[in-house]
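Listed below, chain by chain, are the residues.
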Amino acid sequence: MSSAIDIAASVQSGERSALEVLEEHLGAIAERESEVHAFNLVTTDHAIAAATAVDELLAKGGPLGPLAGVPVAIKDNLCTRGVATTCSSKILEGWVPPYDATVVTRLAAAGAIMVGKTNMDEFAMGSSTENSAFGPTRNPHDLSRVPGGSSGGSAAAVAAGFAPISLGSDTGGSIRQPAALCGVVGVKPTYGTVSRLGLIAFGSSLDQVGPFANSVAEAALVCEVIGGHDPGDSTSLPQAFPAVSEHLSDGVAGMRIGLITEMMGEGIAPDVAKRIRAAAEWLAAAGAEVEEVSVPAVTFGLSAYYLVAPAEASSNLSRYDGVRYGLRVDAPTTGEMMELTRTAGFGDEVKRRIMLGTYALSAGYYDAFYGTALKVRTLIRRDFDAAYERFDALLSPTSPTTAFSFGDKTADPMSMYLNDVCTIATNLAGHPAMSVPYGLGADGMPVGAQVLAPALGEVAMFRVAAALEGSLS
Amino acid sequence: MSIDLSVWEIVIGLEVHTELATRTKLFCSAPNEFGGEPNTNIDPLTLGLPGSLPVLNEQAVELAIRVGLALNCKIDRSVFSRKNYFYPDQPTNYQISQFDLPINGEGWLELPSGKVIGIERAHLEEDTGKSTHVGGGGRIHDATYSLVDYNRAGVPLLEIVGRPDLRSGDEARAYVSELRAILVAVGASDGKMEEGSLRVDCNVSVRKHGDAELGTRCEIKNINSLRSLGRAVDYEAERQIDMILAGERIEQQTRHWNEDEGRTLKLRSKEQADDYRYFPEPDLVGLAPSQEWIDRVREALPLLPAARRHRLCERSGADTAQAALIVERGLDDLCLAALDCGADPSRTITHAEHNLSDPKALELDPEMFAKLTKMDADGDLSSTQTKTVLAELVQLGGDPGEIAEAHGFKAMDSGELDAVVDQLIAENPEQWQRFCEGDPKISGFFVGKVMKATQGQADGKVVASLLADRVPNAAKE
């Protein structure tokens with residue numbers, strides 16, 4: 001399978017038609033989708049129409065976008081006009097959005113072809129895609145293992161060659177962790193650089209859309225296409241997405257890179273830690289100044305996250321009540337109808353987090369829980385700021401372990417939550433971070449290195465990621 | 001009413017919700033219009049569709065600032081919060097409102113009486129849709145089915161929270177009336193209570209004069225007119241006093257004003273505070289209007305009713321009640337313009353107060369109005385003739401001199417009138433006797449005869465006084 005950049009070049013030059021490219025990928029999907037289950041819906045007709053339109057535009061000599069004819073898989077929490085969007089939840093079954101998310105509009109304008117809506121943990125709550133109401137996605141590298149989550153379907157789709165690129169969303173690691181577990185690149189951009197309009201909210205102050213790809217360069221291109229100001233999202237930053245593509249070959253010589261102490265010790269599998277140390281050593285060899293750095297407040301990240309994210313989710317998900325759209329379970333009164341609908345429509349993890357969040361916001365508990373979590377957020381930002389006074393970028397594992405087996409962590413929610421221990425602090429700070437594959441663990445499964453940077457520090461982040469990627473080839 | 005106001009003090013605080021007269025809703029571009037077909041003024045955000053996001057309407061913020069400045073509020077950095085509660089007419093099951101940091105803080109409003117009423121805050125929030133519960137008791141829990149119209153959902157509201165500084169139903173009415181005049185003056189609202197653009201929730205408690213603590217309050221909803229407001233306050237105060245006198249405890253309640261029955265009825269107890277789980281709205285950023293913006297809005301503010309009343313009193317010598325009425329009718333500018341044209345101040349105010357209730361009076365030519373007041377003051381026309389000319393001036397315009405001439409009006413000289421009166425007394429001795437004895441019915445007889453003899457050109461008041469002068473002193477005792 002070729003890269004998104006090669007596909008766009010060959011379609012633009014007329015070497016291959018968008019339809020040929022699409023057929024090749026639909027073929028890959030037909031071959032392996034039944035075992036991987038990356039998609040909730042494969043949008044074949046939609047894709048054929050879009051590819052035909054690209055080919056017709058080329059025939060007319062019209063200008064083609066930077067992703068002309070490139071198949072893309074879209075996480076099923078991004079609204080797609082006329083195409084069912086479920087968040088892998090029964091409560092949204094049958095709902096068809098009347099609009100595209102801004103990122104979907106921008107991809108289409110760049111010539112990308114949506115091939116399907118990918119599976120996920122219900123409402124993006126989970127780290128294994130086991131919380132989908134429509135069954136789990138399997139890791140293409142080992143079907144007995146999870147792909148990570150919540151954007152497991154989007155990670156698996158790229159890893160399996162169903163599409164060279166895909167979109168996910170990252171609230172506490174939901175792009176980076178599955179990218180690591182599936183051996184692909186995954187980017188969580190700076191909060192506010194990519195529009196959330198049309199992204200179905202989980203934790204609004206944490207959610208950010210970003211890409212999966214097989215290479216750093218493809219991920220950079222997608223970020224530049226989907227990023228930049230959107231007046232429809234009040235939290236969108238005014239500027240264009242940092243111009244990362246042009247800096248990918250800058251190298252790391254002279255860069256200052258910190259290895260986060262708190263993310264290299266207890267709880268991190270030795271084989272994963274070993275790969276990250278190897279990455280640090282390689283960066284030093286390539287001319288970067290690499291040192292260990294302590295970011296103490298990140299150890300409170302998990303606790304703060306499991307107050308902030310559920311609190312926002314409890315409010316965001318209150319609209320699913322059976323009154324206007326989606327599932328409705330009839331009952332004699334409106335109140336009972338709402339209760340029965342929500343009881344039947346939400347899975348256990350979603351219910352657990354709605355209860356957590358409702359409790360955290362309740363009168364008498366707000367200050368102790370939500371209020372304290374907001375203070376921890378400030379502390380985390382401050383400790384990162386201190387680190388970024390000394391370093392251009394930071395390095396850590398993306399996930400404490402390689403991909404685990406189905407059912408390993410479902411019995412104990414806490415063990416599942418700990419999977420996000422390396423990724424969560426970034427979301428609380430609003431900073432960018434990305435996962436780039438860095439070899440294999442003891443079990444032969446991919447290990448991801450996480451590169452972190454300050455707000456709008458994407459150029460430094462992509463330089464380090466590109467260097468790490470280059471060291472492996 | 002049987003309240004002994006020398007013992008009891010009624011304490012009233014009002015929360016007034018006003019719909020802001022914006023083109024579109026508070027957080028989206030769906031139109032803000034009253035009276036459309038159900039569910040036509042909607043868009044994804046109005047319906048709370050997944051993935052939709054709010055974007056703050058700048059016009060709503062500007063109108064809120066206008067009201068804030070007009071109410072002498074401190075305009076501050078503010079934050080939107082979510083107020084969480086489940087109800088079908090709330091599309092997201094949370095309302096975006098302002099909680100701990102409102103756009104307009106502490107301010108005040110001056111009643112026509114001169115009393116100053118404190119304003120606690122005036123904050124922005126979105127309206128809900130409208131539910132209709134069909135069957136059962138017309139309430140949501142026993143309805144056969146319910147219908148929801150989301151046209152109103154998301155319409156910008158300004159909630160103006162007044163301090164409990166009001167002490168009677170009349171004062172509460174004066175407050176709402178003044179507030180409405182301000183809202184209309186600054187263009188924030190059309191002020192129509194019957195269309196729900198202005199909604200009043202009324203908190204009433206009672207205590208004995210001299211008590212330091214406030215009594216337990218009840219909140220009255222469903223007040224749809226100024227008249228209902230006065231009646232509801234009086235009813236509720238009496239209800240509470242009767243309970244206290246009977247040794248009962250007042251329970252903090254939300255009560256419903258029933259217009260037909262003229263009483264308040266319990267809706268629910270408020271002894272346990274609702275938990276709305278407020279938290280800052282993460283889809284919006286903080287709102288911090290720049291000082292330049294605030295200054296620009298301040299400069300563009302029109303003259304407000306209180307300032308208009310003060311100006312009119314100063315220039316014309318009108319008393320506060322006259323000024324309040326004339327400003328309410330919007331006639332103060334006309335009066336001042338007429339004074340500039342040399343109008344007689346006292347006649348100007350009297351005519352504006354009594355003879356210019358027709359809305360067409362707003363279009364009167366001040367110069368012509370001034371001329372008429374002078375003719376009136378100089379005695380060129382009788383008061384009946386003045387009224388006739390003024391009415392024609394309002395309806396058709398023109399010059400009061402020409403109108404008077406066309407009617408053949410001219411004031412009679414007093415010698416002429418004396419002669420007429422003397423002659424009539426001589427011709428009707430029997431009636432004159434009765435008049436002198438004080439028979440009230442006979443006065444009209446003489447005035448009528450004089451009018452007939454003078455073809456209506458005599459001034460009725462002057463005639464009455466001439467008649468009175470002729471009654472022998474002995475008869476007066």
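Report follows, based on the coordinates.

Quick notes on the rules
Residues numbered from 1 in each chain as written. Chains lettered and ligands numbered in written order. Predicted model: local features only at pLDDT ≥ 70, side-chain atom pairs only at ≥ 80, totals over all residues. Helix = DSSP H or I, 4+ residues; strand = E, 2+ residues; numbered from the N terminus. Rg over C-alpha atoms; globule rule 2.2 N^0.38 Å. Buried ≥ 20, exposed ≤ 12 C-beta atoms within 10 Å, placed from the backbone. Contact = placed C-beta atoms within 7 Å. Nonpolar A, V, L, I, M, F, W, Y, C, P; charged D, E, K, R; others polar. Pairing = 2+ DSSP bridges.

A look at the overall build of chain A
Item 1. Regarding its fold elements, chain A presents 15 helices and 11 strands.
Item 2. The C-alpha atoms of chain A give 21 Å as radius of gyration, which agrees with the globular expectation for 473 residues (23 Å, within 12%).
Item 3. For chain A, the spread of C-alpha atoms along the three principal axes comes to 70 × 60 × 45 Å.
Item 4. Residues counted as buried form 63% of the 473 residues belonging to chain A.
Item 5. Here the contacts in chain A between residues at least 6 apart in sequence split such that 76% fall between residues at least 24 apart.

A look at the interface of chain A and chain B
Item 1. With 35 residues of chain A at the interface, the matching set in chain B holds 27 residues.
Item 2. Broken down by class, the residue content of the side of chain A that touches chain B amounts to 16 nonpolar, 13 polar and 6 charged.

Looking at helix α4 (residues 102-109) of chain A
Residue and element names in this part refer to chain A.
Item 1. Of all 8 residues in α4, 6 are buried, a share of seventy percent or more.
Item 2. Within the sequence span of α4, burial applies to Thr102, Val103, Val104, Arg106, Leu107 and Ala108.
Item 3. Contacts from the buried residues of α4 go to β2 (71-75), β4 (165-170), β6 (208-213) and α7 (216-226).
Item 4. Immediately downstream of α4, the backbone of glycine 111 shows phi near 100 degrees, a positive value.

Concerning the sheet that holds strand β13 (residues 279-280) of chain B
Residue and element names in this part refer to chain B.
Item 1. The antiparallel open sheet is built from 3 strands, whose spatial order is β3-β2-β13. Strand pairing shows two members of the sheet lacking a second neighbour, β3 (94-98) and β13, which therefore form its edges.
Item 2. Strand direction decides the pairing type here: strand β2 (residues 80-84) and β13, joined by 2 bridges, are antiparallel. Across the sheet, residue arginine 82 finds its bridge partner in β13, namely phenylalanine 279.

Let's talk about the pairing of β2(B)
Residue and element names in this part refer to chain B.
Item 1. Most of β2 sits inside the fold, with 5 of its 5 residues counted as buried.
Item 2. Residues Phe80, Arg82 and Asn84 line one face of β2 and the alternating positions Ser81 and Lys83 line the opposite face, and both faces are buried.
Item 3. In this structure, β2 lies alongside β3, joined through 5 bridges in antiparallel fashion. Paired with asparagine 84 across the strands is tyrosine 94, a residue of β3.

On their own, these measurements won't tell you what the molecule is for.
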